[in-house]
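Chain by chain, the residues:
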Amino acid sequence: MDRIRIRGGSPLKGSIAVGGAKNAALPLMTASLLTDETLTLVNLPDLADIQTLTRLLERHGVGIAVDAPASAATGRVVSLRAREITDVTAPYDLVRKMRASVLVLGPLVARCGQARVSLPGGCAIGARPVDLHIKGLEQMGARIELDGGYINAAAPDGLRGAHIVFPMVSVGATENLLMAASLARGETVLVNAAREPEVGDLARCLVAMGAEIDGIGTDTLRIQGKERLHGAVHRVISDRIETGTYAMAAAITGGSLEILGGDLDQIQAVEKVLGAAGVVFERTERGFSVARANGLHGVDVMTEPFPGFPTDLQAQMMALMCVAQGAAMITETIFENRFMHVPELARMGANITIHGASALVRGTPRLTGAPVMATDLRASVSLVLAGLAAEGETEINRVYHLDRGYERLEEKLAACGAEIERIKGSE
Ligand code: UD1
């Protein structure tokens, strides 16, 4: 297994380009199952999760080709064509690697009238059930049985529109049902839908494929189902989590970066919190610049569905608060058990106490390098941030987690002056 070694203390200077959003790209790729024509995605990131979903879609019969390698102008361009669905089973060995695989469920039932998708099971950051996906499809007329760890869904006469009120905000359930509703008979209304930019991106792509969707960007989506959808060309939005992560990398090292392609409108809650902590943002022609003004101050943060502070930046924010003046209360409201990074940060000298869903971080003047273990995607990158700021050497193990969501991370940071290298492992 690869490791990452960092010698901390160098302020980052320069520019970093952010790629296409992983969490937009994954549902967009599954939208290719909805049509027998070609869906071309521009600015598709090159990440382990994208490869996992590529393997799953290929099993279903989707032909996938890279039309153009990554370039600064377009990112990677990839075409997906599900001329015929040859297999409606999403097997456990692929789904367990990545929960987002469950996003094939809605499109497969809508297009083929049946699907057999493994239940994703728990993961490092909590139980994460898929009951809302299942209930929504049942309301749309699918018969669903759970059998041997699989969701067996059948709708031999097709899905029909329904009025679905989500009891809690779920990004994945909104996306799954949005796709299913696009091919259902009649109107579907999704109430208390997720408003994350990635949901909006999916909705815009579906519209380009011929779907009729009102309320994009709001918490009520109204979809008029169509008999068929067609091919389209769609550009994936930029990754707001990668954007926020590099903004925090500039802040934690006391450096200054230009984030190329970064969209401040997507991270307003983050900009506000970081601004209160002493981080300065300025829009530029190609994105924005970010720098730490003077000292960093502790600020309280609570994760919330969009437009609130994203849970996917909670671990990185915590790393930043470890070196701030004063205390910060960080409260996680989306996932239970998303403080796996706390004991690892503590190994680097951080002073953090957990009280239920909140972590009280008391800032210390400096962290010290240590060997640490990556536990999940965002936790791993918080350790990278801590390592960049720490005195001495930090070695992060199990970095395959990082490769799920950050493209060429060590290359991008090294180009801005970080002393960071990947050590290839033999296992
Ligand atoms: C997506 C993102 C993930 C992000 C999360 C929250 C992708 C591929 N992943 O995950 O990076 O952290 O949104 O912004 O886009 N829940 C239920 N029942 C359900 C579905 C969800 O109880 O059927 C709960 C979950 O356990 C969690 C909360 O709802 O506590 C939010 O989960 P959800 O928004 O569905 O997250 P994902 O779509 O899995």
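Residues numbered from 1 in each chain as written. Predicted model: local features only at pLDDT ≥ 70, side-chain atom pairs only at ≥ 80, totals over all residues. Heavy atoms only, no water.

Quick word on the packing of aromatic side chains
Phase 1 of the analysis: A full pass over the atoms with the stated rule returns one aromatic pair.
Phase 2 of the analysis: One cation-aromatic arrangement involves Arg96 over Tyr92; the distance from NZ or CZ to the ring centre is 5.9 Å.
Phase 3 of the analysis: Above the plane of the ring of Tyr150 lies Arg116, whose end atom (NZ or CZ) is 4.2 Å from the centre. (Phe/Tyr/Trp six-rings, centres within 6.5 Å; stacked < 30°, edge-to-face > 60°. Lys NZ or Arg CZ within 6 Å of the ring centre and 35° of its normal.)

A word on unusual backbone geometry
Phase 1 of the analysis: Residue Pro307 is reached from Phe306 by a cis peptide bond, and omega for that bond is 10 degrees.
Phase 2 of the analysis: Position of Pro307 relative to the elements: it lies in the loop between strand S18 (301-302) and helix H10 (314-321).
Phase 3 of the analysis: For Arg398, which is not glycine, the phi dihedral falls at a positive 60 degrees.
Phase 4 of the analysis: Here Arg398 is to be found in the loop between strand S23 (393-397) and helix H13 (400-403).
Phase 5 of the analysis: With relative accessibility at 36%, the residue Arg398 sits in the partly exposed group. (Helix = DSSP H or I, 4+ residues; strand = E, 2+ residues; numbered from the N terminus. Buried < 20%, exposed > 50% of the residue type's maximum accessible area, 1.4 Å probe, protein only.)

What to know about the nonpolar core
Nonpolar side chains in soluble globular proteins tend to end up buried together.
Phase 1 of the analysis: Core analysis: the biggest nonpolar cluster contains 75 residues, and Leu34, Met140, Leu159, Leu178, Leu190, Leu206 and Met209 have the highest contact counts within it.
Phase 2 of the analysis: Among the elements that take part in this core, helix H6 (residues 171-182) stands out by supplying six residues, more than any other.
Phase 3 of the analysis: Discounting chain neighbours no more than four positions away, the residues touching Met140 are Leu159, Arg160, Ala162, Ile164, Leu177, Ala180, Ala181, Ala184 and Thr188.
Phase 4 of the analysis: If you look at the next biggest cluster of nonpolar residues, it comprises 69 residues, including Val323, Ala324, Leu367 and Ala418. (Core = buried A, V, L, I, M, F, W, Y, C linked by side-chain atoms within 4.5 Å. Contact = heavy atoms within 4.5 Å.)

Quick word on helix H4 (residues 105-112)
An α-helical segment advances 3.6 residues per turn. Residues three or four places apart therefore align on the same side.
Phase 1 of the analysis: In terms of burial, H4 is largely enclosed, as six of its eight residues are buried.
Phase 2 of the analysis: Listed in full, the buried residues belonging to H4 are Leu105, Gly106, Pro107, Leu108, Val109 and Ala110.
Phase 3 of the analysis: Buried residues belonging to H4 abut helix H1 (22-30), helix H2 (48-60), strand S7 (114-118), helix H5 (131-139), strand S9 (150-154) and H6.
Phase 4 of the analysis: Looking one or two places after H4, you find Gly113, whose phi comes out positive at around 80 degrees.

Some words on H10
Phase 1 of the analysis: Counted residue by residue, H10 has eight buried out of eight residues, so it is predominantly covered.
Phase 2 of the analysis: When we look at burial in H10, the residues that qualify are Gln314, Ala315, Gln316, Met317, Met318, Ala319, Leu320 and Met321.

A short note on the side chain of Ser32
Phase 1 of the analysis: With respect to the helices and strands, the residue Ser32 is situated in the loop between H1 and strand S3 (38-44).
Phase 2 of the analysis: The exposure class of Ser32 is buried, given its relative accessible area of 0%.
Phase 3 of the analysis: Reaching out from Ser32, the side chain makes a polar contact with the backbone oxygen of Met29 at a distance of 2.6 Å.
Phase 4 of the analysis: Beyond its immediate stretch of four places on either side in the chain, Ser32 contacts Leu39, Leu57, Val62, Leu80, Ala82 and Arg111. (Polar contact = N/O pair within 3.5 Å; in protein donor to acceptor, adjacent residues only side chain to side chain.)

Side note on the side chain of His401
Phase 1 of the analysis: Structurally, the position occupied by His401 is in helix H13.
Phase 2 of the analysis: Sequence-distant contacts of His401, defined by excluding residues within four places in its chain, comprise Ala374, Thr375, Asp376, Leu377 and Ser380.

Here's the deal with the environment of Ala327
Phase 1 of the analysis: Considering the arrangement of structural elements, one finds Ala327 in strand S19 (residues 327-331).
Phase 2 of the analysis: Given the relative accessible area of 41%, Ala327 is considered partly exposed.
Phase 3 of the analysis: The spatial distance from the C-alpha of Ala327 to the C-alpha of Leu190 is 40 Å, given a sequence separation of 137 residues.

Overview of the environment of Ala315
Phase 1 of the analysis: The residue Ala315 is located in helix H10 in this model.
Phase 2 of the analysis: Note on Ala315: relative accessible area 4%, which makes it buried.
Phase 3 of the analysis: A C-alpha to C-alpha distance of 15 Å links Ala315 and Tyr406, two positions 91 residues apart in sequence.
Phase 4 of the analysis: Not counting residues up to four positions away in its chain, the partners in contact with Ala315 are His341, Arg378, Ala379 and Ser382.

Topic: the packing of H1 against H2
Phase 1 of the analysis: Contact geometry of H1 with H2 gives a least axis separation of 10 Å together with a crossing angle of 5 degrees. It follows from the interaxial angle that H1 and H2 lie roughly parallel. When H1 is examined against H2, the residues Lys22, Ala25, Leu26, Met29 and Thr30 are found in contact with a partner set consisting of Asp49, Ile50, Leu53, Thr54 and Leu57.
Phase 2 of the analysis: Each residue belonging to the contact of H1 with H2 can be placed in one class, and the counts come to six nonpolar, two polar and two charged. (Axes fitted to C-alpha atoms, helices over the stretch in contact; angles between N-to-C directions. Parallel < 35°, antiparallel > 145°, perpendicular 65-115°, else oblique. Nonpolar A, V, L, I, M, F, W, Y, C, P; charged D, E, K, R; others polar.)

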